[in-house]
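Below, each chain spelled out in residue letters.
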Amino acid sequence: MSLANLFLPCAGGVEEYLLAETRRIGGEGAQAVRGGVQLRADWTDVMRLNLRSRLAQRVLIQLAKRGYRGEDDLYEAASGVAWETWFTPRQTFKVEVTAQMSPLKSLNFAALRIKDGLVDRFRGRGGVRPDVETRHPDVRVFAHLTADTVTLYIDTSGEPLFKRGWREDKGEAPLKETLAAAIIAASGWDASLPLYDPCCGSGTIVIEAAQIACGIAPGLLRRFGFERLAASVPRDWQRLKEEAQAERNVVPVEVHGSDVAFRMVDFAQRNAHRAGVGDVVKLRGGDALQRMPPTSEPGVMLLNPPYGERIEAGGVAGAGRVGRVGRMGRETAQSDAAAGDFFAQLAAHWKKHYAGWTAWMLSPDLKLPTRMRLKESRRVPMWNGPIECRLFRFDMVKGSARASAGA
């Protein structure tokens, strides 16, 4: 495959971090756009991006881009793509459509017309058409509609890239691995300081951090959609995997996690072993309102604290208010007062015992600094799926609610 146009979608707010990552991995002319990164790359870069990207949701190859006014134009666009060069009629496929300001009334009907154009293309050239499979297709086709333009992509990732292959044990509302990696990237953590997640749950943030420190490619444990495409060269793919495996190293890094639910600590430990960092991540049970710093040297705390309707404050502050114990209490909030009590007590605990530490917290609650009676030194817009969040940075100074002057 010669150079092709790629699009790497990502969570909102992550575009600049993905751009920097993409430029490290490979490809040409990468630029950040709304919702992702565009670049030109060859087939080797496509495989390498799937294997190594921690921030992209998928790696899509653009096959067509043209104007449209109605569903029939979508049919023409799909029937004009040489799908037969990418997969065979013996393979199954699925069409997914996203839209931004499209005048069409039904995206389902739009997907149907694109499907019709695709299968008629096959039928017109060989008399045989591929079948649709909505759950586990061999090939995924994506279409994005703007007000007047349709862009058709073939997916090279298969399952979304946040599915690394190591998370078999998980609790409620787990943080996606790609978003955990974005939090780490935004914090600037480079393994030179200790890292601690006091509400680690099934271990997403600490495992991502440990893999980054040890140079473990995130895609080593999984399969990819490009392996089913006609352009796939198994020998070249095996070479890229062997190169990535040879880069794994053991570094003297301090990565710690804890959780109020011992069941979640067990989950995190099993996930860490599957991810190849069971000997790096140090996990323990305990209430975030009582845990002392895991190291004598100040470091960085990264956490996705309880918020919203899906989780509620647990631990000491939530005692008597929760129906069941979750991760540091990651359960559904019963009252703003309970959450306020928890965050105020958490901030007081940190100010008393975590002087010199920096805490990064992802939350959709813009009033979180007020709840914690702390002044943030930075806030980074970031989306957790459909939820608009902020990544707050707090610099802990003992006995003070103010950030340090040099922050």
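The structure this text deals with has already been given above.
Note that the coordinates shown come from a computational prediction; the quantities given were computed from them, not determined experimentally. Each chain has its residues counted from 1, running along the sequence as written. Side-chain atom pairs in this predicted model are given and counted only at pLDDT of 80 or more, local residue features only at pLDDT of at least 70, and totals for whole chains, interfaces and linings cover all residues. Only hydrogens and water are set aside when side-chain values are computed; all heavy atoms of the structure are taken into account.

### Some remarks on the overall build of the protein
Strands here are runs of E lasting at least two residues and helices are runs of H or I lasting at least four, both read from the DSSP assignment and numbered beginning at the N terminus. When helices and strands are tallied, the protein shows 10 helices and 14 strands. When the 407 residues of the protein are sorted by exposure, 54% land in the buried category. Of the contacts made within the protein by residues no fewer than 6 positions apart, 75% connect residues no fewer than 24 positions apart. Total accessible area on the protein stands at roughly 17800 Å², and carbon and sulfur atoms take up 48% of it. Only protein chains enter the accessibility calculation, which uses a 1.4 Å probe; a residue is then buried when its area is under 20% of its type maximum, exposed when over 50%, and partly exposed in between. What makes two residues a contact is simply this: any of their non-hydrogen atoms within 4.5 Å. Areas reported as accessible are Shrake-Rupley estimates using a 1.4 Å probe. Residue values count occlusion only from the protein chains shown.

### Details of the packing of aromatic side chains
Only the six-membered ring of Trp is used, alongside the rings of Phe and Tyr, when aromatic pairs are assigned; centres must lie within 6.5 Å, and planes under 30 degrees apart are stacked while those over 60 apart are edge-to-face, with the rest tilted. According to the stated counting rule, one finds 11 aromatic pairs in the structure shown. With a centroid separation of 6.4 Å and an interplanar angle of 40°, the aromatic rings of Phe-87 and Phe-93 are classed as tilted. Each ring, one from Tyr-196 and one from Tyr-354, has its centre 6.5 Å from the other, and the planes form 5°; the classification is stacked. Residue Tyr-196 is located in strand 8 (residues 195-197), and its partner Tyr-354 is located in the loop between helix 9 (336-353) and strand 12 (358-363); the two are separated by 158 residues in the primary sequence. In this structure, Tyr-196 and Tyr-354 share a single accessibility class: buried. Members of the aromatic cluster, connected to one another through ring pairs, are Trp-43, Phe-224, Phe-226 and Trp-237.

### Topic: the sheet that holds strand 3 (residues 36-41)
Two strands are counted as paired when DSSP detects at least two bridges linking them. Spatial ordering of the open sheet is given by 2-3-1-4-7-6-5, a layout of seven strands whose pairing is mixed. A strand with exactly one partner marks an edge of an open sheet, and here the two such strands are strand 2 (28-33) and strand 5 (93-99). In this sheet, adjacent strand axes meet at a mean angle of 30° when their direction is disregarded. In the sheet, strand 5 pairs with strand 6 (residues 139-145) via seven bridges, with the strands oriented parallel. From the neighbouring strand, Val-97 faces strand 6, where its bridge partner is Ala-143. As a rule, the C-alpha atoms of each element are fitted with a line to give its axis, helices using only the stretch in contact, and angles between N-to-C directions run from 0 to 180 degrees. Along the sheet face, helix 1 (residues 15-25) touches strand 1 (4-9), strand 2 and strand 3 and points at about 170° away from the line of strand 2.

### Focus: the pattern of salt bridges
Throughout this description, the term salt bridge denotes a Lys or Arg side-chain nitrogen within 4 Å of a carboxyl oxygen of Asp or Glu. Enumeration according to the criterion identifies 26 salt bridges in this entry. Two residues, Arg-48 and Asp-45, come together in a salt bridge whose shortest N-O distance is 3.1 Å. Note that Arg-48 and Asp-45 are positioned in helix 2 (residues 43-52) at a spacing of three residues, about one turn of the helix. Under the relative-accessibility criterion, Asp-45 is labelled buried at 12%. Linking Glu-96 and Lys-94 is a salt bridge whose minimum nitrogen-to-oxygen distance equals 3.7 Å. We classify Glu-96 as partly exposed; its relative accessible area is 23%. Three or more residues are tied together by salt bridges with common partners; here these are Lys-94, Glu-96, Arg-140, Glu-159 and Lys-163.

### As for the layout of surface pockets
In this structure, the largest pocket encloses a volume near 1200 Å³. Elements with a minimum of two residues in the lining of the largest pocket: strand 1, strand 4 (60-67), strand 5, strand 6, strand 7 (149-155), helix 5 (177-187) and strand 13 (378-384). Of the residues contributing to the lining of the largest pocket, the split by class is 16 nonpolar, 14 polar and five charged. Buried and open spaces are told apart on a 1 Å grid over the protein atoms alone, a cavity being a set of points where a 1.4 Å probe fits but cannot get out and a pocket being an open set with protein on both sides within 12 Å along at least five of seven lines. Residues with an atom within 4 Å of a point are the lining residues. Grid points are joined across faces, edges and corners, and a volume is the space filled by probe spheres set on the points. Roughly 460 Å³ of volume is contained in the second largest pocket. Around the second largest pocket, the lining comprises 19 residues; the ones closest to its centre are Glu-21, Arg-24, Arg-52, Arg-54 and Ile-212. Put simply, the parts of the chain that give the lining of the second largest pocket at least two residues each are helix 1, helix 5 and helix 6 (204-214). Element by element, the count of residues in the lining of the second largest pocket is highest for helix 1, at five residues. Each residue gets one label: Ala, Val, Leu, Ile, Met, Phe, Trp, Tyr, Cys and Pro are nonpolar, Asp, Glu, Lys and Arg are charged, and the others, such as Gly, are polar.

### With respect to helix 6
Across the 11 residues that make up helix 6, a large majority, 10, are buried. Those residues of helix 6 that sit buried are Thr-204, Ile-205, Val-206, Ile-207, Glu-208, Ala-209, Ala-210, Gln-211, Ala-213 and Cys-214. On the buried face of helix 6, the contacting elements are helix 5, strand 8, strand 9 (255-259), helix 8 (262-274), strand 10 (281-285) and strand 11 (300-303). Gly-215 lies just past helix 6 and shows a positive phi near 70°.

### A closer look at the nonpolar core
In this description, a nonpolar core means a group of buried Ala, Val, Leu, Ile, Met, Phe, Trp, Tyr and Cys residues linked to one another through side-chain atoms lying within 4.5 Å. Core analysis: the biggest nonpolar cluster contains 94 residues, and Leu-6, Phe-87, Leu-152, Trp-189, Val-277 and Met-382 have the highest contact counts within it. Listed in part, the 21 residues of the second largest apolar core include Tyr-196, Leu-303, Trp-350 and Phe-394.

### Describing the sheet that holds strand 12
Two pairing modes exist for strands in a sheet, parallel and antiparallel, and in both the strands are linked by backbone hydrogen bonds. Strand order in the open sheet made by the seven strands is 10-9-8-11-12-14-13, with mixed pairing throughout. Strand pairing shows two members of the sheet lacking a second neighbour, strand 10 and strand 13, which therefore form its edges. Strand-to-strand twist across the sheet, computed as the mean angle between neighbouring axes with direction ignored, equals 20°. Examined bridge by bridge, strand 13 and strand 14 (residues 387-395) share seven bridges and lie antiparallel to one another. When the bridges of strand 14 are listed, Val-380 appears paired with Leu-391. Strand contacts of helix 8: strand 9 and strand 10, with the helix running at about 165° to strand 10, the strand carrying the most contacts.

### Considerations on the environment of Asp-116
Relative to the assigned elements, Asp-116 resides in helix 4 (residues 107-126). In this structure, the C-alpha to C-alpha distance between Asp-116 and Leu-74, residues 42 residues apart in sequence, is 9.5 Å. Polar contacts here mean pairs of N or O atoms no more than 3.5 Å apart (in protein, one a potential hydrogen donor and the other a potential acceptor; neighbouring residues in sequence count only if both atoms are side-chain atoms). Within the structure, the side chain of Asp-116 is placed 3.0 Å from the side chain of Lys-115, a separation counted as a polar contact.

Remember that the coordinates give geometry; whether it matters functionally is a separate question.
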